[in-house]
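# Structural overview
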Amino acid sequence: MHWSEKIANEIVRRSPDKDEYVCAAGISPSGSIHIGNFRDIVTSYFVCLSLRKLGKKARLLFSWDEYDRLRKVPVNVAAITEGFEKYIGMPYAEIPDPYGCHATYAEHFEKEFERSLKSFGIEVDFRHQAEMYKSGAYKDEIIHALKHRSEIFDILDSFRTQDSTEEQKLNYYPVGIYCEKCKKDTTTITSLSDDCTKAHYTCACGHEGDFDFTSEYNCKLAWKIDWPMRWKFEKVDFEPGGKDHASPTGSYQTSRIISEKIFNYPAPYFQGYEFIGIKGTTGKMSGSSGLNLTPETLLKLYQPEVILWLYSKTEPLHAFDFCFDDEILRQYFEFDKSYTAVKNGTADERTQEIINNALVKGHEINAVPMAQLVSFGSVVDFNPDMLETIFEKIGTPYKKADFEERLALARYWAEQCSPESLNHLLGYRNFEKYEALSDSEKEQISLLYNFLKQENSDLDALNTELYAIPGKTMEFSDDKERKKAQGVFFKNVYELLIGKEKGPRLYLFLFAINKNDYLPLLDFSTPQTEKEKALFLESQKRKEPQEEEKREVEAIKPQIEIDDFDKLDLRVCRVVNCEEVKKSHSCLKLTLFDGIGERVIMSSIKKEYTPESLIGKKIIVVANLKPAKLAGVKSEGMLIAATAEECGCKIIFVDDSVPEGTAIH
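Residues numbered from 1 in each chain as written. Predicted model: local features only at pLDDT ≥ 70, side-chain atom pairs only at ≥ 80, totals over all residues. Heavy atoms only, no water.

## Quick look at the sheet that holds strand β13 (residues 570–580)
The strand order across the open sheet formed by 5 strands is β15-β14-β13-β16-β19, and the pairing between neighbours is antiparallel. One side of each edge strand has no neighbouring strand; the edge strands of this open sheet are β15 (598–603) and β19 (638–639). Looking at chain direction, strand β14 (residues 588–593) and β15 are connected through 6 bridges and run antiparallel. In the strand pairing of β15, leucine 590 is matched with isoleucine 601. (Pairing = 2+ DSSP bridges. Helix = DSSP H or I, 4+ residues; strand = E, 2+ residues; numbered from the N terminus.)

Structure, rendered in structure tokens:
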């Protein structure tokens, strides 16, 4: 049974009589939607499909959390505009689009993501939270939360490690007001009417005013109250989230209690999910502004079905990689194998379930081998007509209509991510390589040349001859020696034709490509020309490594003894909780489990990381550093991070398999 079907069965077991089940997902449009966030909606989508498979009516509800505040300016936004920091504290839906092509900041990134959703055939019931809040849809829920603010405070406080005071409880409000003057949430409620409908507030900008929750709606509940409020409002049955939300002190655990005790609604079934990895270098795709790993970017490399297949075949709490190296060719091969088995009726039940989740209605898949599209396509400059001829010659008569979609993806991957995988015939005879060959090896090249000049050699005859040629010039004592010589011969041919030690299957390559294009490269019966010398020298210059701009590196500090190093107690800790500190503009407060117990450290990483992104991660901490008070909080240690102008402050994370408390030696 597919993992999404197990979840669907549990949802129905919990609420067997519902007319319609709601599977929710939500993303804040703080910037381009990353592939990791995409797992949120895909997980709910698969559960929706499984509920429908059970004969149930199911709706995929997607919330744009656009009424959240801008916390920091993304790198790609900062690269195109100056002074955007002035909007920090304003809701995304009321900030201008830095790119100038949409009405608001939120709309720009929402539309970018929605375009990619159409490619996956995912139908979504959208909720725009700015519209919901500003329309007054939640006014009763907001007033209800205000009336129960004392109980909400106690619930939140039960998850904190730091003791609170009665004054903090008295001054706690679960809602923030966006100032009517500066439009930011830098406000403080100073008083609230007995019926919890009217408040007085002050703002950091100097403005103060009165606010009526029954008729004014430029306010928003805090995240851990907003989330359960919307569960009840939308009657949500299922919602996934990053594994950090599911930790013992994570957002879901807190919101679950608020949902049940404050809003009298059973929390929906929750499924945590692991983060997505990237494997291989991204080549030219990584410009100075950084690679934007959105679903839209991935669709330049992967067909939508292959992306959905990767998510579908991987349990939510397991990680997987999107590959920018040649592993992507293996992924296509595995997808094609599974897809073909399903199409032929030979697939097992699990494979059928995985593939069925990945299919996009109205989009036909033709499993033309991606590796061949890269290998042969690069030789003919990805010309579809010439490629069609090649496929015809090698006995796999794919037509242009079969492979044009994949050919564009193959070309993009080869040129942008893996230019070294491109196979172009040399524009000159490689005399340097030829002269380095032994007499026997030169004779082998001559034999190949003479064989290829024949008019009527078929594919099987060519393949047989390629393996036989080394034995015509050498004697072997055993098969191992023979195979080694054959490998050397193939390598020599590749280097003479494409200047690389490896390439496409040689017999297919030589049979498919026009002989007149490569035969001259194997004929060394005439001397090297001046033009060939010039072309060779030019090619060598292109291979010379470019001198990289040197950056200043700090000088090595004076040497120490091993005993000095041993004084440091470096150990692995897991981030149990992370939160902002009101009194500090730069620090985050991290609660850590060090294998023995919990400790709190303060770290000036607020500009680099959000609290949610750190929960559940494992880091290295100087555990025996003398405690110090920072922003009124006792800090018991210091995390290890790398700091440079090029990258800012980056925490050194530890593999999840390393136990908490492990010493670093």
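## A short note on empty space enclosed by the protein
Under the defined criterion, the tally for this structure stands at 2 cavities of 30 Å³ or more. Approximately 90 Å³ is the volume attributed to the largest cavity. For the largest cavity, the lining is made up of 13 residues, of which Ala24, Leu61, Ser63, Arg230 and Glu239 are closest to its centre. Contributing elements (two or more residues each) for the lining of the largest cavity: β1 (20–27), β2 (57–64) and α9 (223–234). Forming the walls of the second largest cavity are Tyr133, Gly136, Tyr138, Lys139, Ile142, Tyr217 and Cys219. Considering only residue class, the lining of the second largest cavity consists of 5 nonpolar, 1 polar and 1 charged. (1 Å grid on protein atoms, 1.4 Å probe; cavity = no way out; pocket = protein on both sides within 12 Å on 5 of 7 lines; lining within 4 Å. Points joined across faces, edges and corners; volume = space filled by probe spheres on them. Nonpolar A, V, L, I, M, F, W, Y, C, P; charged D, E, K, R; others polar.)

## Some remarks on the packing of aromatic side chains
This structure, assessed with the given rule, holds 42 aromatic pairs. Ring centres of tryptophan 3 and phenylalanine 46 lie 5.9 Å apart, and the angle between their planes is 70°; this geometry places the pair in the edge-to-face category. With tryptophan 3 in helix α1 (residues 3–14) and phenylalanine 46 in helix α2 (residues 35–53), this residue pair connects regions lying 43 residues apart in the sequence. Classification of phenylalanine 46 by relative accessible area gives buried; the value is 0%. Three or more aromatic residues joined by ring pairs form one cluster here, namely Phe38, Phe62, Trp64, Phe113, Phe120, Phe126, Tyr302, Tyr311, Phe320, Phe322 and Tyr332. Over the aromatic face of phenylalanine 153 sits the side chain of arginine 160, whose NZ or CZ is 5.4 Å from the ring centroid. (Phe/Tyr/Trp six-rings, centres within 6.5 Å; stacked < 30°, edge-to-face > 60°. Buried < 20%, exposed > 50% of the residue type's maximum accessible area, 1.4 Å probe, protein only. Lys NZ or Arg CZ within 6 Å of the ring centre and 35° of its normal.)

## Section: the side chain of asparagine 423
In this structure, asparagine 423 sits in the loop between α17 (400–417) and α18 (431–435). Among the polar contacts made by the side chain of asparagine 423, one reaches the side chain of lysine 500 at a distance of 2.9 Å. (Polar contact = N/O pair within 3.5 Å; in protein donor to acceptor, adjacent residues only side chain to side chain.)

## Observations regarding the packing of α1 against α2
In a pair of packed helices, the angle between the axes and the distance between the axes together describe the arrangement. Where α1 contacts α2, the two axes come as close as 8 Å, and the packing angle between them is 65°. Considered as vectors, α1 and α2 are oriented roughly perpendicular to each other. Between α1 and α2 the crossing geometry is right-handed. Listed contacts from α2 to Trp3, Ser4, Glu5, Ile7, Ala8, Ile11 and Val12 of α1 are Thr43, Phe46, Val47, Ser50, Leu51 and Lys53. (Axes fitted to C-alpha atoms, helices over the stretch in contact; angles between N-to-C directions. Parallel < 35°, antiparallel > 145°, perpendicular 65-115°, else oblique. Left-handed = near helix turned anticlockwise from the far one by under 90°. Contact = heavy atoms within 4.5 Å.)

## Thoughts on the sheet that holds strand β7 (residues 208–212)
Sheet strands associate in pairs through backbone hydrogen bonding, adopting either a parallel or an antiparallel arrangement. What the 3 strands build is an open sheet, ordered β5-β6-β7; its pairing is antiparallel. What marks the edges here is a single partner per strand, and that holds for β5 (187–192) and β7. Adjacent strand axes in the sheet meet at a mean angle of 30°, parallel and antiparallel pairs treated alike. As judged from the 5 bridges shared by strand β6 (residues 198–203) and β7, these two strands associate in the antiparallel manner. Bridge pairing in β7 places lysine 198 opposite aspartate 212.

## With respect to a nonpolar patch on the surface
Together, Ile560, Ile562, Phe565 and Leu568 make up a nonpolar patch on the protein surface, roughly 380 Å² of accessible area in all. Checked against the element boundaries, phenylalanine 565 lands in helix α25 (residues 562–566). (Patch = residues over 30% accessible without salt bridge, like charges linked within 9 Å, V, L, I, M, F, W, Y side chains within 5 Å. Areas by Shrake-Rupley, 256 points an atom, 1.4 Å probe, with all protein chains shown as cover. Salt bridge = Lys/Arg side-chain N within 4 Å of Asp/Glu carboxyl O.)

## A look at the environment of histidine 102
Inspection of the secondary structure puts histidine 102 in the loop between α3 (75–78) and α4 (105–120). Residues in contact with histidine 102, not counting those within four places in the same chain, are Asp97, Glu107, His108 and Lys111. Here histidine 108 takes part through its side chain, which lies 3.4 Å from a polar atom of the side chain of histidine 102.

## Description of the nonpolar core
Judged by nonpolar contacts, the single largest core of 109 residues is most densely connected at Phe38, Ile41, Tyr302, Tyr311 and Phe322. The biggest single contributor to this core is α2, with 9 residues. Formed by 49 residues, the second largest nonpolar core is a distinct cluster that contains Leu146, Cys179, Phe213 and Ile258. (Core = buried A, V, L, I, M, F, W, Y, C linked by side-chain atoms within 4.5 Å.)

By themselves these figures say nothing about function.
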